[in-house]
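Notes for the structure review
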Amino acid sequence: MLPLECMLWSWPIGPAGERVLSMRVFARTPLDLEKMARPRGQVYLIPERCKGCNLCVELCPRNVLEPSPQTNSKGYHYPQIREGHEGDCVHCEFCTMVCPEFAIFTLEADG
Ligand code: SF4
Ligand code: SF4
């Protein structure tokens, strides 16, 4: 499992006096990491609601989703689980939050 990451954003001044956005990433491993179980999620989709915006695909932090080659009746490519990533969803519900059409959601997976 990857260590938790802490991101710190800062706005230093560049050589031409401009503001430069920079990000420093620190990583440390929690002391009780072995005791923590990674949550697992099951992804559910309502293809007919999807408008193929790909927000869920682009913003999934686990890179679980990809556009399907299939389309719904409106011609939109709805998302599908990437091959080999079937067990990678962590039920963070980010895809649910960003979907403008309420077309995707996750539930906690059994086991
Ligand atoms: S719940 Fe999180 S990890 Fe699972 S598919 Fe949605 S954004 Fe990705
Ligand atoms: S965010 Fe919603 S509408 Fe956009 S591609 Fe994903 S499921 Fe479809």
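Preceding block: the structure.
Now for a look at the structure at hand.

What counts and what doesn't
- Residues numbered from 1 in each chain as written.
- Chains lettered and ligands numbered in written order.
- Predicted model: local features only at pLDDT ≥ 70, side-chain atom pairs only at ≥ 80, totals over all residues.
- Helix = DSSP H or I, 4+ residues; strand = E, 2+ residues; numbered from the N terminus.
- Buried ≥ 20, exposed ≤ 12 C-beta atoms within 10 Å, placed from the backbone.
- Contact = placed C-beta atoms within 7 Å.
- Near = placed C-beta within 6 Å.
- Nonpolar A, V, L, I, M, F, W, Y, C, P; charged D, E, K, R; others polar.
- Core = buried A, V, L, I, M, F, W, Y, C linked by C-beta atoms within 7 Å.

**Remarks on the overall build of the chain**
If you tally the helices and strands in the chain, you get two helices and six strands. The buried share among the 111 residues of the chain stands at 16%. Once local pairs closer than 6 in sequence are excluded, the contacts in the chain between residues at least 24 apart make up 58%.

**A word on the site of ligand 2**
Every one of the 14 residues lining ligand 2 counts as a neighbour, but Cys50, Cys53, Cys56, Cys99 and Ala103 are closest to it. Those elements that place two or more of their residues in the shell around ligand 2 are α1 (55-59) and β5 (77-81). Taken together, the residues of the shell around ligand 2 break down into 10 nonpolar, two polar and two charged.

**Digging into the nonpolar core**
With 15 residues, the main nonpolar core has Cys56, Cys60, Leu65, Cys95 and Ile104 as its most contacted residues. When contributions to this core are tallied by element, the ones reaching two or more residues are β3 (41-45) and α1. Sequence-distant contacts of Cys60, defined by excluding residues within four places in its chain, comprise Leu65, Phe94 and Cys95.

**Observations concerning the environment of Gly75**
Summarising the element assignment, Gly75 is placed in the loop between β4 (65-71) and β5. Spatially, the C-alpha atoms of Gly75 and Gly52 are 8.8 Å apart, while their sequence positions differ by 23 residues.

**A word on the environment of Leu45**
As for its position among the elements, Leu45 is in strand β3. The spatial distance from the C-alpha of Leu45 to the C-alpha of Tyr78 is 8.5 Å, given a sequence separation of 33 residues.

**Some thoughts on unusual backbone geometry**
A positive phi angle, near 70 degrees, is found at Asn54, a position not held by glycine. As for its placement among the helices and strands, Asn54 is situated in the loop between β3 and α1. Of note in the backbone geometry, Phe102 takes a positive phi value of approximately 50 degrees without being a glycine. Tracing the sequence through the fold places Phe102 in the loop between α2 (94-98) and β6 (104-108).

Taken by themselves, the reported measurements are silent on function.
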